[in-house]
Amino acid sequence: NQLTGNIPLELGLMTNLQTLYLDFSEPCYGGNQLTGNIPSELGLMTSLQYLHLQENQLTGNIPLELGLMTNLQTLYLDFSEPCYGGNQLTGNIPSELGLMTSLQYLHLQENQLTGNI
């Protein structure tokens, strides 16, 4: 796909959704280029198991509310697309992510995160 713009806040209302892939999956051939902040409302998606937002153009902090997603198994917020740029998340890694007891894969590399782990 070639989705642009912000991630809609209303996605947080999809509380039974288990998988959400909005990543950029076609290196150098076009794909999603979502911008803006990650909505804190995504934390309401407590049934979600897979959240892939990598390789977009997202900015801002990682919302603390993502820690409410206790069924989440994969969280990909990284940037690895050399052709078009990618996520540039800033700030600290929220300690609330430690509440994600089902998390198996956490990809945050190549952002602009600061502070302690």
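Residues numbered from 1 in each chain as written. Predicted model: local features only at pLDDT ≥ 70, side-chain atom pairs only at ≥ 80, totals over all residues. Heavy atoms only, no water.

### So, the sheet that holds strand β5 (residues 57–60)
Judged by pairing direction, the sheet is parallel, and its five strands sit side by side in the order β1-β3-β5-β7-β9 without closing on themselves. Strands at the two margins of the open sheet, each flanked by one partner only, are β1 (4–5) and β9 (112–113). (Pairing = 2+ DSSP bridges. Helix = DSSP H or I, 4+ residues; strand = E, 2+ residues; numbered from the N terminus.)

### Remarks on the side chain of Asn32
Topologically, Asn32 is positioned in the loop between β2 (19–21) and β3 (33–36). Here Asn32 falls in the buried class, since its relative accessible area comes to 5%. Reaching out from Asn32, the side chain makes a polar contact with the backbone oxygen of Leu22 at a distance of 3.4 Å. Residue contacts for Asn32: discarding those within four places in its chain leaves Asn1, Gln2, Leu3, Leu22, Asp23, Phe24, Glu55 and Asn56. (Buried < 20%, exposed > 50% of the residue type's maximum accessible area, 1.4 Å probe, protein only. Polar contact = N/O pair within 3.5 Å; in protein donor to acceptor, adjacent residues only side chain to side chain. Contact = heavy atoms within 4.5 Å.)

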